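One letter stands for each residue in the lines below.
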Protein chains: 2
Amino acid sequence: VTTRSAWILAIGDELVLGRCADTNSSLLARRLSERGFAVRGITVVGDALDDVAAAIRAAAAQTDLVVATGGLGPTEDDRTRHAAARAAGVELRFDEEGWTGIRSYFARLGRPIPDSNRRQALLPESAERLPNASGSAPGFALPIGAARFVALPGVPRELAAMLDAELLPRLDRWFGGAGALALRELHLLGPSEATAGERLAPWLAERTDATIGITASGGLLTLRVAARAAEAAAAGAAADAIVAELRPRVAEWIVLDGDGPLAAAALARLRASGLRLALAESCTGGMLAQQLTDVAGSSDVLLAGYVCYANDAKSRDLGVDARLLDKHGAVSVEVAAAMAEGGARRSGADVALAVTGIAGPSGGSAHKPVGTVCFGMWRSSRSDAWQLRIADLGRDFIRRRACHECWGALLRALGST
Amino acid sequence: VTTRSAWILAIGDELVLGRCADTNSSLLARRLSERGFAVRGITVVGDALDDVAAAIRAAAAQTDLVVATGGLGPTEDDRTRHAAARAAGVELRFDEEGWTGIRSYFARLGRPIPDSNRRQALLPESAERLPNASGSAPGFALPIGAARFVALPGVPRELAAMLDAELLPRLDRWFGGAGALALRELHLLGPSEATAGERLAPWLAERTDATIGITASGGLLTLRVAARAAEAAAAGAAADAIVAELRPRVAEWIVLDGDGPLAAAALARLRASGLRLALAESCTGGMLAQQLTDVAGSSDVLLAGYVCYANDAKSRDLGVDARLLDKHGAVSVEVAAAMAEGGARRSGADVALAVTGIAGPSGGSAHKPVGTVCFGMWRSSRSDAWQLRIADLGRDFIRRRACHECWGALLRALGST
C-alpha cells in the first residue's frame, strides 16, 4: 500500500482569534485517515491574503493532497480563491456556470441574491468547480505544484456534505486506491486513562502492528483500533482480530462494544427491545434528553422528559414524597429511585432513568461534596439506585460523566456488551 | 502599540488522525488575543520527532512567541521535549527538581510512580521548568532563535490551569505590556450572513480601522468588534465607540447587545427581573433546558422543564386539550400557546417558553414542511404564539435555530436590547 500524504488548512480570523473551535479539521483528518491518507499536519491561519497563500504553498510543497476550509464567503475578507490563484500562479476567472448555481440556490430559498455573492463565482483559471448543494459557496480543486489542492466551505454542515458528495469520490480518481483504514471502538467507564493504559501496556508492547488510541471525554474512555490494508474487507478483518484480543483485557469496564455515542446506541437497543423511556433529570438539566433527541426519530422511544431542578418540581411532576426529600435530601439514592419510578408511572414508560446530584461549582457540603450524583433506574416495576462520587473536574465534566453513567447503566441492563 | 505575534502548535497523533478536536488551541488563541498578541497561525502535527521539530522551527522563525501543547506525556511517543531541544540546538538534561515535583504529585494521588514518568523530568538544557499543579507533566520555556518557546501539557484541564498560573504572568515580564484587545459582541437573528455583510459594507469601507467579524451558528449571527490599544481601558473605549456606530445599522435584528451565549443572557435577565421560568419542549427535546442549565446556579430561575415529544405527554404533562391537538395538529401555534400556558400553570412559573416543530429529516408534509416550528411564550397571564419556517439545513440546525428563537424572543420581551 502506497500511503499518500495530506495536509489540512483551516482559514478564518475567527479561528486564530479563538472565537470558535476548528471542528472541520478533525472531521477531515478522520475521513482522510480512513481513506488511507497520512495526515501530516493541520494549519490554521487568519484571512490575510499573504498568510493564506504562504500556508497553501508550504502545504502543497510537502504533501500529495491539500484540503482547505473557509474563506469562500461573499465578503471582502474571504480570500481563499485569491490565495489559491496566487499560490498556483494563475488568474481568477468569473465562472458563469457557478454563478447560475449560486442564483438557483437563492431562488430555492426564496431570497433575493445580494450582489456581493457574485464574488463566490470567481475561480482560479485552472480550477474545477465543486458544486455545493447546501450553501452558496462552491468549492474548487486545482493542481498546485505536484499536489492536488481542494478548497471547501467553512460552514461545518456544508463542509460535511461536500466532503461526502465531492471530495471523497474524487480521491480514488486522483490517487487510485490509497488503501483503506478500518476503525473499531470500545467504550469504557470506570478506569482513568492511565489505569487503562497501564493495563494494556504489556499487550501493546507485543502487538506493535496494532494502532490503539485512547481518548477520554467526560470520564468516558474510548479505545479506537485502527488497521490498514489495501482493501476495506481486509482492513476490517484485521481490526476485528485486534478487538478480539483487546476485549477480554478490559471486559469489566466495557459499556459499549461498538460505535458511539452511547445515547444513540442506547436508543437503538431500546427500540430493538420495544421499550419506551422516560427521563427525570435534576443536575443534568435536560442534557440526557438532548443527547437522545440528537438522534432523529427518537420520538417513538422517548415518552417524556422531566427537568426537575427544584424540590417542588420533583414532588409535583414526579410524585416524589416530600417526606423523602426532607429525610434524605434531594441528592440521595432514595430520591433518585423515586424520581425514576415517578417518571415511569407518570408517562407510562417501560424504563426510566433519573439523575440528581451536585454539579457545582457551589452547593457541595462535607457530607455531599460537589460531584456527588445519585442515579435511579426503573424497569419492569423494579427500581435500582446508586451513587457516584464524580471527580470535581468542573460542572460540565460532572454533567457529562453523569449522562455517560446513565446510558452505560441502561446499555448494561439491556445486555449490550 | 507594538503588536507582538504568536504561533500556536498542537502536537499529537490523535489530532492528525481526527480522533479528537483540538480545543486547546482555540483557548490559547483567545487568551493570547485578549493579551494583545496577533495570533498568526496554528499548526497541528503528529508525534513524529522530525515533524514536531520542523513545526517549532518554522513557527519560531516568524513570530515572537510560540506556545505548544501536547507531547509531554511519559511514553515513547511523547517527543516535544526532544523536538524543542533539537530546534534550539541544545541537549536534554535530567531535572532533579522537576522529578521531585512529579514524585510528590503521585504521592498526593496515593499512587505508585511508574518508571516511565522519569522521562517527564527531562528538559532542554537552556529551559526554565513551568510547574504543573494538576498533572504529572511539567511544562517548560526557552528561547529558540529570536522567539520565546513555551511547551504546555495537552490535557485540556492541565493546560487551562497552567495557562493562567504560569504562561500569562510571564508574558508581561518577557514582552512588557503587549497591548490589550477589547472585544464586544452583538447578536442578530433574521438576516443571512451575506445580507448583514451587505448592509454593513459601505460603513466598513470607511471604517478601515475597525475589525468586525461575523460568524453564523444555528442561524444566529454574532458580530464581534475588536479594538486594540496600549491599555485595557482605552481598548474598551475604542470598541464601545465602534459598537455605537454599528448598533443603529443593524438595530432591527439585534436580539442581544452584549456577550453571549443567549441562554446565559436570558437567565441573567430573568433573575434580575425576579422571574421564574418553565420550558415545554417538543422538537428541541431538552436542548433549551440543557443550554440554560449549562450556566451554574440556574436552579433558582428554572422551575421546571418538560420534554414532550408524544401527544400524550403534551396532554398529560402540560394539560394541552386533546381536541386542540386533533384540530390543529401538534405543530401549530394553538398547541404552542397551550404548551406554554400549561407549563407555566403546572409549575407556577412567571414565564414559560414552548417549542413544537418538525426538525426532520422525516415528518414533513407539503403543508408543514421540515423546518416548520411553532413557538409559544406565556407571561403575566398573556400568551403569544408564532410560527417560523426555518430553512431545512439539517436537524441540528433547525433545533439550534429554534432555541435561538426562544431566547431571542425572551430577551426582547424582557427589554434586553
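Use the structure listed above.
Residues numbered from 1 in each chain as written. Chains lettered and ligands numbered in written order. Predicted model: local features only at pLDDT ≥ 70, side-chain atom pairs only at ≥ 80, totals over all residues. Heavy atoms only, no water.

So, on to the nonpolar core. Of all hydrophobic cores here, the largest spans 54 residues; its most connected members are L65 of chain A together with L65 of chain B. Not counting residues up to four positions away in its chain, the partners in contact with L65 of chain A are S5, A6, W7, L32, F37, R148, V150, L171, W174 and F175 of chain A. (Core = buried A, V, L, I, M, F, W, Y, C linked by side-chain atoms within 4.5 Å. Buried < 20%, exposed > 50% of the residue type's maximum accessible area, 1.4 Å probe, protein only. Contact = heavy atoms within 4.5 Å.)

Residue and element names in this part refer to chain B. A large share of strand β16 (residues 372-379) lies buried, amounting to seven of its eight residues. Judged from the seven bridges that link them, strand β15 (residues 351-357) and β16 form a sheet pairing that is antiparallel. Bridging across to β16, L353 finds its partner in M377. Of the pairings in the sheet, the one linking β16 to strand β17 (residues 382-389) comprises eight bridges and is antiparallel in character. The partner of W378 across the bridge, within β17, is S383. A loop of two residues connects β16 with β17, the two strands running antiparallel in sequence, and S380 in this loop sits at a positive phi of about 50°. (Helix = DSSP H or I, 4+ residues; strand = E, 2+ residues; numbered from the N terminus. Pairing = 2+ DSSP bridges.)

All right, on to the packing of helix α3 (residues 49-62) of chain B against helix α4 (residues 80-88) of chain B then. Residues and elements named next belong to chain B. Orientation of α3 relative to α4, taken along the N-to-C sense of each, is 50°, at an axis distance of 8 Å. In terms of axis orientation, α3 runs oblique to α4. Between α3 and α4 the crossing geometry is right-handed. Between α3, through L49, D50, V52, A53, I56 and R57, and α4, the contact on the second element is made entirely by H82, A83, A84, R86 and A87. (Axes fitted to C-alpha atoms, helices over the stretch in contact; angles between N-to-C directions. Parallel < 35°, antiparallel > 145°, perpendicular 65-115°, else oblique. Left-handed = near helix turned anticlockwise from the far one by under 90°.)

A word on empty space enclosed by the protein. Under the definition given, this model contains three cavities of 30 Å³ or more. In this structure, the largest cavity spans a volume of roughly 130 Å³. What lines the largest cavity is a set of 15 residues, and nearest its centre among them are D22, S25 and V44 of chain A together with D22 and V44 of chain B. Grouping the constituent residues of the lining of the largest cavity by class yields nine nonpolar, four polar and two charged. (1 Å grid on protein atoms, 1.4 Å probe; cavity = no way out; pocket = protein on both sides within 12 Å on 5 of 7 lines; lining within 4 Å. Points joined across faces, edges and corners; volume = space filled by probe spheres on them. Nonpolar A, V, L, I, M, F, W, Y, C, P; charged D, E, K, R; others polar.)

With an RMSD of 1.4 Å, chain A superimposes on chain B once it is rotated by 180° and translated 1.0 Å along the axis. When the rotation and shift are considered jointly, the pair of chain copies conforms to a two-fold rotation axis. Interface residue correspondence from chain A to chain B reaches 88%, placing this contact among same-surface, isologous pairings. (Least-squares fit on C-alpha atoms with pLDDT ≥ 70 in both.)

The next point concerns the interface of chain A and chain B. Listed by partner, the interface residues are 73 residues for chain A and 65 residues for chain B. Surface buried jointly by chain A and chain B totals about 5300 Å² across both partners, of which 52% is contributed by carbon and sulfur atoms. It is R19, Y309 and R346 of chain A that lose the most area in chain A upon contact with chain B, and together they represent 12% of the buried surface on that side. Connecting chain A to chain B are six salt bridges. (Buried area = accessible area lost by both parts, 1.4 Å probe. Salt bridge = Lys/Arg side-chain N within 4 Å of Asp/Glu carboxyl O.)

This part covers the sheet that holds strand β9 (residues 180-189) of chain A. Residue and element names in this part refer to chain A. Taken together, four strands build an open sheet; the order of strands is β10-β11-β9-β12 and the sheet is antiparallel. The sheet terminates laterally at β10 (211-217) and β12 (254-257), the two strands that pair on one side only. Between one strand axis and the next, the sheet turns through 25° on average, direction left out of account. Across three bridges, the pairing between β9 and β12 is antiparallel. Residue pairing in the sheet places L186 in a bridge with D257 of β12. Together, β10 and β11 (220-229) form the strand contacts of helix α7 (residues 193-206), whose direction differs from that of β10 by roughly 170°.

Moving on: the state of the cysteines. Tallied over the entire structure, the rule returns zero disulfides over all chains. The closest cysteine sulfur to the non-disulfide-bonded C403 of chain A is located on C406 of chain A, 6.4 Å from its own sulfur. The cysteine C283 of chain B is free of any disulfide, with C403 of chain B supplying the nearest cysteine sulfur at 8.1 Å. (Disulfide = S-S within 2.5 Å.)

On to the sheet that holds strand β15 (residues 351-357) of chain A, then. Strand pairs in the sheet, formed through backbone hydrogen bonds, run parallel or antiparallel to each other. Spatially, 10 strands are ordered β17(A)-β16(A)-β15(A)-β13(A)-β14(A)-β14(B)-β13(B)-β15(B)-β16(B)-β17(B) in an open sheet, and the strand pairing comes out mixed. Each having just a single partner strand, β17 (382-389) of chain A together with β17 of chain B make up the two edges of the open sheet. In this sheet, adjacent strand axes meet at a mean angle of 10° when their direction is disregarded. Most of the contacts of helix α14 (residues 395-413) of chain B go to β16 of chain B, to which it runs at about 30°, and overall it touches β13 (277-281), β15, β16 and β17 of chain B.

With the rule as written, the count across this model stands at 12 aromatic pairs over all chains. Both rings, one in Y105 of chain B and one in F106 of chain B, keep their centres 5.9 Å apart while their planes meet at 90°; by these two values the pair is edge-to-face. Its relative accessible area of 10% is what places F106 of chain B among the buried residues. Taken together, a centroid distance of 6.5 Å and an interplanar angle of 85° make the contact between W174 of chain B and F175 of chain B edge-to-face. In this structure, W174 of chain B and F175 of chain B share a single accessibility class: buried. A network of ring pairs unites the aromatic residues F37, W174 and F175 of chain A as a single cluster. When the ring centre of W99 of chain A is taken as reference, the NZ or CZ atom of R118 of chain A above it lies at 5.3 Å. (Phe/Tyr/Trp six-rings, centres within 6.5 Å; stacked < 30°, edge-to-face > 60°. Lys NZ or Arg CZ within 6 Å of the ring centre and 35° of its normal.)

Residues and elements named next belong to chain A. Residue position: T222 is located in strand β11. Classification of T222 by relative accessible area gives buried; the value is 8%. In contact with T222, other than residues within four places in its own chain, are E185, L186, H187, G213, I214 and T215.

Residue and element names in this part refer to chain B. Under the counting rule described, the total for this entry stands at 46 salt bridges over all chains. Between R184 and D240 there is a salt bridge whose closest N-O contact spans 2.6 Å. Of the two residues, R184 sits in strand β9 (residues 180-189) while D240 sits in helix α8 (residues 232-246), which places them 56 residues apart along the sequence. A relative accessible area of 26% means that R184 is categorised as partly exposed.

On to the packing of helix α2 (residues 23-34) of chain A against helix α6 (residues 156-175) of chain A. Residue and element names in this part refer to chain A. For the pair α2 and α6, the least separation of the axes is 11 Å and the interaxial angle reads 25°. Overall, the two elements α2 and α6 adopt an arrangement that is roughly parallel. Crossing of α2 against α6: the hand is right-handed. Taken together, the residues of α6 that come into contact with α2 (itself represented by T23, N24, L27, L28, R31 and L32) are P156, L159, A160, L163, D164, L167, L168 and L171. Here the contact of α2 with α6 is composed, by residue class, of 10 nonpolar, two polar and two charged.

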